[in-house]
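# Architecture and fold: a report
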Amino acid sequence: MKKYINWPESYPDTTWFTNARFGAFIHFGLYTLGARHEWFMTTEQVTPENYRKYFEHFDPDLFDANQWAQEIKATGAEYVVFTTKHHEGFAFWDTKQSDYKITNTPFGRDLLAELLPAFRKVGLKIGLYHSLIDWYHPEFPIDGLHPCRDEENYRATNDQRDLKKYQDFLAAQVTELLTEYGKIDYMWFDFSYAHRDWGWSVGKGAADWDALRLEKICRTLQPEMLINDRFALGHGITTPEQYQPDKPLYKDGLPVLWEACQTMNGTWGYDRDNQQWKSSEQILQMLIDTVAKGGNFLMNTGPNGRGLIDKQSKERFSDLSKWFYLHNRSIKNCGPSEFVPPIDCRYTQNGNRLYLHIFSWPYFHIHLKDLAGKIRYAQFLNDGSEVFYRGFDPEEVITTTETIIEPHDIVLQLPTKRPDSLVPVIEIFLND
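Report on the accompanying structure.

Definitions and limits used
- Residues numbered from 1 in each chain as written.
- Predicted model: local features only at pLDDT ≥ 70, side-chain atom pairs only at ≥ 80, totals over all residues.
- Heavy atoms only, no water.
- Helix = DSSP H or I, 4+ residues; strand = E, 2+ residues; numbered from the N terminus.
- Rg over C-alpha atoms; globule rule 2.2 N^0.38 Å.
- Buried < 20%, exposed > 50% of the residue type's maximum accessible area, 1.4 Å probe, protein only.
- Contact = heavy atoms within 4.5 Å.
- Areas by Shrake-Rupley, 256 points an atom, 1.4 Å probe, with all protein chains shown as cover.
- Lys, Arg positive; Asp, Glu negative; His and termini not counted.
- Charge placed at Lys NZ, Arg CZ, Asp CG, Glu CD.
- Axes fitted to C-alpha atoms, helices over the stretch in contact; angles between N-to-C directions.
- Parallel < 35°, antiparallel > 145°, perpendicular 65-115°, else oblique.
- Nonpolar A, V, L, I, M, F, W, Y, C, P; charged D, E, K, R; others polar.
- Core = buried A, V, L, I, M, F, W, Y, C linked by side-chain atoms within 4.5 Å.
- Pairing = 2+ DSSP bridges.
- Salt bridge = Lys/Arg side-chain N within 4 Å of Asp/Glu carboxyl O.

Moving on, we come to the overall build of the chain. The helix and strand tally for the chain stands at 12 helices and 16 strands. Taking 2.2 N^0.38 as the reference for a compact globule, 432 residues should give roughly 22 Å; the C-alpha atoms of the chain span a radius of gyration of 24 Å, in line with that estimate. For the chain, the residues scored as buried account for 56% of the 432 residues in total. Relative to all contacts within the chain whose residues are 6 or more apart in sequence, the contacts with residues 24 or more apart total 72%. Total accessible area on the chain stands at roughly 18,400 Å², and carbon and sulfur atoms take up 49% of it. In the chain, 46 positive and 60 negative side-chain charges are present, and the distance between their average locations comes to 2 Å.

What follows is about unusual backbone geometry. Residues Asp-190 and Phe-191 are joined by a peptide bond in cis, for which omega reads -15°. Summarising the element assignment, Phe-191 is placed in the loop between β4 (186-190) and α9 (206-209). The backbone phi angle of Gln-45 is positive, close to 55°, even though this residue is not glycine. Position of Gln-45 among the secondary structure elements: in the loop between α3 (40-43) and α4 (48-56). Of note, the phi angle at Gln-242 is positive, near 65°, even though the residue is not glycine. Here Gln-242 lies in the loop between β5 (226-227) and β6 (250-251).

One way to put it is that helix α5 (residues 65-74) packs onto helix α12 (residues 311-327) with a least axis distance of 8 Å and a crossing angle of 50°. Our classification of the angle between α5 and α12 gives oblique. In this structure, α5 uses Gln-67, Glu-71, Ile-72 and Ala-74 to contact α12, whose residues at the interface are Lys-314, Phe-317 and Ser-321. Considering only residue class, the contact of α5 with α12 consists of 3 nonpolar, 2 polar and 2 charged.

Note on soluble globular proteins: their nonpolar side chains tend to be buried together. Of all hydrophobic cores here, the largest spans 108 residues; its most connected members are Tyr-51, Ile-72, Phe-82, Leu-111, Phe-119 and Trp-209. When residues in this core are grouped by element, the largest group, 7 residues, is from helix α8 (residues 163-179). Each residue touching Leu-111, except ones within four places of it in the same chain, is listed here: Phe-28, Phe-63, Phe-82, Phe-92 and Ile-102. Ranked by size, the runner-up nonpolar core spans 20 residues in total, among them Leu-354, Val-387, Ile-428 and Leu-430.

Below, the discussion takes up the sheet that holds strand β12 (residues 365-368). Spatially, the 3 strands line up as an open sheet ordered β12-β15-β14, and their pairing is antiparallel. Edge strands, defined here as strands with exactly one partner in the open sheet, are β12 and β14 (388-391). Within this sheet the neighbouring strands show an average axis-to-axis angle of 25°, counted without direction. The sheet contact formed by β12 and strand β15 (residues 410-413) spans 4 bridges and is antiparallel. Within β15, the position partnered with Ile-366 by the bridge is Leu-412.

Counted according to the given criterion, the structure contains 28 salt bridges. The residue Asp-185 makes a salt bridge to Lys-183 at a minimum N-O spacing of 2.8 Å. The exposure class of Asp-185 is buried, given its relative accessible area of 5%. Among the residues examined, Lys-183 registers a relative accessible area of 42% and is labelled partly exposed. Sharing partners across several salt bridges, the network here consists of Lys-125, Lys-183, Asp-185 and Glu-224.

With that settled, the discussion passes to the environment of Thr-403. Residue position: Thr-403 is located in the loop between β14 and β15. Sequence spacing of Thr-403 and Glu-71 is 332 residues, and the spatial spacing of their C-alpha atoms is 46 Å.

Moving on to the sheet that holds strand β10 (residues 345-350). The strand order across the open sheet built from 4 strands is β10-β11-β16-β13, with neighbouring strands paired in antiparallel fashion. Since the sheet does not close on itself, it has two edges, and those belong to β10 and β13 (375-380), each with one partner. Strand-to-strand twist in this sheet, taken as the mean axis angle between neighbours without regard to direction, amounts to 20°. As judged from the 6 bridges shared by β10 and strand β11 (residues 353-358), these two strands associate in the antiparallel manner. Along β11, the bridge assignment pairs Tyr-347 with Leu-356. Set on the sheet, helix α11 (residues 280-292) makes contact with β10 and β11; between it and β10 the angle comes to about 55°.

So this is what it looks like as structure tokens:
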């Protein structure tokens, strides 16, 4: 197993994760009915009492676990992370720790019990998102992020709120998830904020969650399961959110195990009026960019209140599906390359196969640095058609119609018209 600075030697093998490279994130919750951002309970300072109307009307009647699984698998994703409980405190399974759960809504069924088998059936590995925060729980202390932060009657109850009882509740819910729903491949906790200070309150971190206890539960009940780093113990998969690192991540000379988390529009949960949609090409370029820098890419979708993946998301799913059908081997089992790619391109590599992803189509030539004498063959990945290339020729007479080639470089000769692909890829077979 490859060594990472943020992955203890006692932790399980990460090979499946780094081979997969591409996962799907699903944000689903009571906030879906509000349809205006998954954080609106706190941004609009809605009390738990007023928020209950979403609980009383939650009925995703068109939800079909098999349909979700098939649509997500078709994108090329190899694993999925589903929100079991977001900051609002609502549980998507038949938890014994609370009445605030999906089986007590008009929907009336354990959604997790239907969804996870459907994912496994199509070969998706299972990740569970679980919020460390809980704005509904009566023992969770009021702080500057809490929806009731400006309600004096709520703040006055802080002295009666018992954090230890909340820690026990949190541990019991995690235990349920890891014992009652089969093999779980990835636990995605969210999130610590101990650095925040509002004067009258401070944020919460590892000690507030009793994170060592949670880690022990995870390692004991699901010893092969991966864990992210958001419960603030200083290790676990690093999860940059809504930004792309500008280079591969290293610390103290060792690589960092990481996963870029990105939305398709401006929010994680379903937002009817948010039209900040990334194009399919942009999403695909972000995925390729992530793999080229040694990371995984976790692409989010937020189903609507009827339990359907919306039209805009499906259009992007379809585009990714078509691209992955032809180009999946340039992503799966791949990582960064030691070679420096041309401008507006990214390299990924798997052994002696180097993949050139072309973001901006050039006119006729692409110069590849330091590859002279290292190439056996090159082809377009979309159709397997040969791509000609040539290197430096000291006898060549350079006129106004010849391109200049440096001695250590080679030049690919391309058609004027780009292939019909969101991102064309050239597969380069290197010498052994």
